[in-house]
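# Working through the structure, step by step
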Amino acid sequence: MEKTYRPAEVEARQYARWEEAGAFASAATRAAGETNAVPYTIVIPPPNVTGSLHIGHALNNTLQDILIRYRRMRGRDALWQPGTDHAGIATQMVVERQLAADGKTRHDLGRDAFIDRVWRWKAESGGTIIGQLRRLGASCDWARERFTMDEGLSEAVRCVFVTLHKEGLVYRDKRLVNWDPRLHTAVSDLEVQQREEKGKLWYFRYPVEGGDGVHITIATTRPETMLGDTAVAVHPDDERHRALVGRHVILPIVGRRIPILADPMSDPEKGSGAVKITPAHDFNDFELGRRHDLPMVDIFDVNAALNDNVPAGYRGLDRFVAREKIVAEMEALGLLERIDDHVLMLPYGDRSGVVIEPRLTDQWFVDAATLARPAIEAVEAGRIRFVPRHWESTYFDWMRNIQPWCVSRQIWWGHQIPAWYGPDGTIFVEMTEAEALCAAAKHYGRDTDLVRDADVLDTWFSSALWPFSTLGWPEQSPALARYYPTDVLVTGFDIIFFWVARMIMMGMHFMHDVPFRIVYIHALVRDAQGQKMSKSKGNVLDPLVLIDEYGADALRFTLTAFAAQGRDIKLSTGRIEGYRNFVTKIWNASRYAEMNGCAAVPDFDPASGRLTVDRWIVGALADAVRRTEEAIEDYRFNEAAQAAYTFVWHTFCDWYLEFTKPILAEGDAAAKAEVRATTAWVLDTILKLLHPMMPFVTEELWDNRAPAGRPRKAMLVSESWPVLDPSLVDPLAKIEMDWVVRLISGVRTMRAEMNVPPAAKIELLVDGALSETLRRLETHRELIVRLARLSSAAALAGPAPAEAARLVLDEATVILPLGGVIDIAQERARLRKEIGRLEREIDGIDKKLGNANFVARAPEEVVEENRERRAEFETTRARLSEALVQLGV
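In short, a report on the structure. In this text the structure is predicted, and so the values were computed from the model without any measurement. (Residues numbered from 1 in each chain as written. Predicted model: local features only at pLDDT ≥ 70, side-chain atom pairs only at ≥ 80, totals over all residues. Heavy atoms only, no water.)

A few words on the overall build of the protein. Along the backbone of the protein there are 30 helices and 29 strands. The C-alpha extent of the protein, read off along each of the three principal axes, is 110 × 70 × 55 Å. Residue burial in the protein is summarised as follows: out of 889 residues, 53% are buried. Considering only contacts in the protein between residues 6 or more positions apart, those separated by 24 or more positions represent 77%. Charged side chains of the protein number 109 positive and 127 negative; the gap between the two group centres comes to 3 Å. (Helix = DSSP H or I, 4+ residues; strand = E, 2+ residues; numbered from the N terminus. Buried < 20%, exposed > 50% of the residue type's maximum accessible area, 1.4 Å probe, protein only. Contact = heavy atoms within 4.5 Å. Lys, Arg positive; Asp, Glu negative; His and termini not counted. Charge placed at Lys NZ, Arg CZ, Asp CG, Glu CD.)

What follows is the structure, encoded as structure tokens:
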């Protein structure tokens, strides 16, 4: 074996071997015919075709890959369905920027030529992220890769839209949408970023009609929209304004007569208690306007400039220029009461970077409330389970208050809506233009020219079909019958509404079954301080850079080790470096085994060991496999990593290999053979245990550890998961060797806490020990003396020394005489000082956590971090206090 593991060389070579061997292929891809293997399916959350691997992708796909590799090793017919999303707005913007560099726009090319240009870009540059997922080690069934605009998926999209329209669940309506004034399209809530900004709250006086100088004061953060006001609302229980309900005001500048009405939406505690109502430019006002049948005056054009529905002096002005002019005119009219500083949330387009405008437009909508009912019931009945469970509450809250889903977008790249308009505006929704023309001829009684709707569908519409469209629907394919419903969806909490819920709605409606059984919601990856990563903060960790620096396995294992349910990951290069050391540990353990002749023995029986140490390690491995397996099954990925890590690093490398060195050096032939065979078997099983989490280094070691002249029958990726009988756990061997470990560990801890010099060899005395403990001490004396750096280890014969540290171990007391080894008085003073420091730290944290304002206002992760630090300080304080007691204080 090479002395050093080189991930850059190994990863590319091993991944190519896996692909060449078809190791990731499901039965459908292999055309295996009948198979007894039970299917196990995950559909990848399709990354944008424009995308590049970020740390969230790395976490999400690492967890999926662990599940797929694990299930594949368990004998399941594992399909990890890959693919990419056409990402309508994002992709169109990429190509438009290329055109802009040549001084052109998409309108210069025309729609068909522009779409051809996008397809060319996709062929040349799109899908970069697929190669990056391979670098991470993702074992997708790449032969089945899909794209949300390939022909099969496009047919599924048209079929769903046409069917829903014929069922009355897709319709055209005039409603408020998020309008992007730069991109000139409606956008989804997910494409809107809410930013906290310092703004103003303007208080305007609206004259009450016939009120002889009576005014009602309204407060607004958007003066420019007042030109579209159609009412003033007050709370029904607000005594200040009750007498004015039913009367009218004359809208300043415009002169429009608008009513004062009562509605619970108005919050009497905010502003003046009276609010202006602009139904065409505010989502809450829109709903209030519908309740009260108010007119909706649209005052903005596609650029968010004022249109012809406002007084002549304001037409064509940008909305923010109009704001300044309105404030100035209101002040000149004596109707500006005051201006307060105000912190507010402003919606920005995540692609355009401009403030999003609620705008009243004709759009296509899906009746989401009707589709939501069976989707809600599926989760209520337990047919779909969220992990962690608390995300179900979030799901229910949104689904039970769901609004119509705007599915039309005013861009060119995407699934063009299959709707055609007749000369009188009649709409024909069909699968093809030929079918639309046929329907029109039947409607009009003659052949009639039609114009196709120019809009495309929301990207989330096609994504909602992903679990069944990727399997061949609407064709009733064998793959669809075999792999739907899928088993688990791994995703982030931010798209529960936009994607998860809609997949459930569409799956229930068109497949009459849930799209997946489990929805595992992973947390965010933050920086080391718990801050969200962003380019502006300069704290982004690029997974590709991390893979180059530390290797894919180190990154994967780090993400897995910290993927606790419901808890964000604080990622740092230091943590990744720590797990790179784990990769090195495994590599060095394999080199050690090779140098000591520990080769695999065919048909080795792990239950055949006669040495206590071998029976102990075999049992410990069986227990580690069980705990890792249970954790993966329960989606407790961090616990799976911890179980494997603890066994490999500590139990096997730190203890077993050290315990057996004397046997390999000086033992009899039978003992050496047994240790070598056991070591080899344990190592091979470790490679299987770790493979789902660390596929590259384990596959490389699997090759390297092949018996001389006898290559492995299969690559590790195709090996079976280790199934170890619980009877391999020998309780007596476990008790005995665990006692040795606890004794040595206790001595090492005392040496460290008492500042005993590393080179100093000290005496160990055992007092009050039963015969079994004395037998263990006698049996393992050489190990204990060597590993605890002792001069001797024996039962106490006579009075105990005065200046000594003590450790209680079961029924016995372990005594370490330290007189002459350390300055006892100086050590007592040091311990007291450190205990005092820890107590001050604890007191400071207690004051923070006892401050209700701190707990209420600090981010949850900061509060939790303080609790963790307090627990750590308390544990250390207790340990040092015990050490002080041991020194006779």
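More follows now that the structure is in view.
It is worth spelling out the pairing of strand β14 (residues 357–366) at this point. Of all 10 residues making up β14, 9 are buried, and the element is well covered by its neighbours. Relative to β14, strand β5 (residues 170–180) runs antiparallel, the two sharing 10 bridges. Looking across to β14, one finds that Asp-173 is bridged to Gln-363. (Pairing = 2+ DSSP bridges.)

Turning to the sheet that holds strand β9 (residues 231–234), a few remarks are in order. Read from one edge of the open sheet, 4 strands run β10-β11-β9-β12, paired in mixed fashion. Looking at the sheet topology across the chains shown, the edges are occupied by β10 (248–250) and β12 (274–277). Going across the sheet, the axis of each strand differs from the next one's by a mean of 30 degrees, ignoring polarity. Of the strand pairs in this sheet, β9 and strand β11 (residues 257–262) are connected by 3 bridges, and their pairing is parallel. Each bridged residue has a counterpart across the sheet, and for Val-234 the counterpart in β11 is Ala-262. (Axes fitted to C-alpha atoms, helices over the stretch in contact; angles between N-to-C directions.)

Attention now moves to the nonpolar core. Side chains of a nonpolar character, in soluble globular proteins, are inclined to be buried together. Ranked by internal contacts, the top residues of the largest apolar core, which has 216 residues, are Phe-461, Phe-652 and Phe-659. In terms of residue count, helix α22 (residues 637–666) provides more of this core than any other element does, 16 residues in total. Phe-461 has contacts with Val-157, Val-160, Phe-161, Leu-164, Val-366, Trp-405, Val-407 and Met-506, leaving out every residue within four places of it along the chain. In terms of nonpolar packing, the next biggest core, distinct from the first, is built from 28 residues, Trp-202, Phe-204, Leu-227 and Val-234 among them. (Core = buried A, V, L, I, M, F, W, Y, C linked by side-chain atoms within 4.5 Å.)

Moving on, we get to the packing of aromatic side chains. A full pass over the atoms with the stated rule returns 38 aromatic pairs. Consider the rings of Tyr-520 and Phe-637, whose centres lie 5.2 Å apart with planes at 80 degrees: the pair is edge-to-face. You can see Tyr-520 sitting in strand β23 (residues 516–522) and its partner Phe-637 sitting in helix α22, a full 117 residues away along the chain. Of the residues examined, Tyr-520 reaches a relative accessible area of 1% and is grouped as buried. With a relative accessible area of 0%, Phe-637 lands in the buried category. An aromatic cluster is present here, built from Phe-557, Phe-562, Tyr-579, Phe-582, Tyr-645 and Trp-649 joined pairwise through their rings. Over the ring of Phe-147 we find Lys-122, and its NZ or CZ is 4.3 Å from the ring centre. When the ring centre of Trp-405 is taken as reference, the NZ or CZ atom of Arg-502 above it lies at 4.0 Å. (Phe/Tyr/Trp six-rings, centres within 6.5 Å; stacked < 30°, edge-to-face > 60°. Lys NZ or Arg CZ within 6 Å of the ring centre and 35° of its normal.)

Below, the discussion takes up helix α19 (residues 552–561). Each full turn of the α-helix corresponds to 3.6 residues, which orients residues three or four apart in the same direction. Taken across its 10 residues, α19 has 10 buried, putting it largely inside the fold. What α19 keeps buried is the set Ala-552, Asp-553, Ala-554, Leu-555, Arg-556, Phe-557, Thr-558, Leu-559, Thr-560 and Ala-561.

Here the bond from Val-387 into Pro-388 is cis, since omega is -5 degrees, no more than 30 degrees from zero. With respect to the helices and strands, the residue Pro-388 is situated in the loop between β15 (385–387) and α12 (391–399). Note that the residue after Tyr-484, namely Pro-485, is joined by a cis bond; omega there is 0 degrees. Tracing the sequence through the fold places Pro-485 in the loop between α16 (478–483) and β22 (486–492). Of note in this structure, Ala-87 is not a glycine but carries a positive phi near 50 degrees. Relative to the elements of secondary structure, Ala-87 occurs in the loop between β3 (83–84) and α4 (88–101). By relative accessible area, Ala-87 is classed as buried at 5%. At His-184, a residue that is not glycine, the phi angle is positive and equals roughly 60 degrees.

Strand pairing within a sheet occurs via backbone hydrogen bonds; the two strands may be parallel or antiparallel. In space, the 3 strands of this open sheet follow the order β8-β7-β13, with antiparallel pairing throughout. Each end of this open sheet is capped by a strand with a single partner; those strands are β8 (215–220) and β13 (336–349). Direction aside, the axes of adjacent strands within the sheet are offset by 20 degrees on average. Bridging between strand β7 (residues 192–207) and β8 involves 6 bridges; their strand directions are antiparallel. Note that in β8 the partner of Arg-205 across the bridge is Thr-217. Across the sheet, helix α10 (residues 319–332) touches β7 and β13, and the angle it forms with β7 is around 25 degrees.

Once that is clear, we can look at the pattern of salt bridges. According to the stated counting rule, one finds 70 salt bridges in the structure shown. For Glu-357, the salt bridge goes to Arg-222, with nearest N and O atoms at 2.8 Å. Of this pair, Glu-357 sits in strand β14 while Arg-222 sits in the loop between β8 and β9, and the two are 135 residues apart along the sequence. Residue classification places Glu-357 among the buried residues on the basis of a relative accessible area of 1%. Look at the salt bridges and you will find they share partners, linking Arg-222, Glu-224, Arg-319, Arg-323 and Glu-357 into a network. (Salt bridge = Lys/Arg side-chain N within 4 Å of Asp/Glu carboxyl O.)

Let us now look at the side chain of Gln-81. Tracing the backbone shows Gln-81 in strand β2 (residues 77–81). The residues contacting Gln-81, other than those within four sequence positions of it, are Ile-42, Val-43, Ile-44, Arg-144, Glu-145, Arg-146, Thr-470 and Leu-471.

Attention now moves to the state of the cysteines. Taken as a whole and judged by the stated rule, the model has 0 disulfides. Not engaged in a disulfide, the cysteine Cys-438 finds its nearest cysteine sulfur in Cys-159; these two sulfurs lie 18 Å apart. Its relative accessible area of 54% is what places Cys-438 among the exposed residues. Cys-653 takes part in no disulfide bond, and the closest cysteine sulfur, belonging to Cys-598, lies 12 Å away. (Disulfide = S-S within 2.5 Å.)

Turning to helix α26 (residues 771–779), its buried residues number three or more, namely Thr-773, Arg-776 and Leu-777. Buried residues along α26 cover an arc of 100 degrees about the axis, so they all sit on one side. Turned more than 90 degrees away from the buried face of α26, the exposed residues are Ser-771 and Glu-778. Contacts from the buried residues of α26 go to α25 (731–753), β26 (762–767), α27 (781–787) and β27 (790–795). (Arc of directions from axis to C-beta.)

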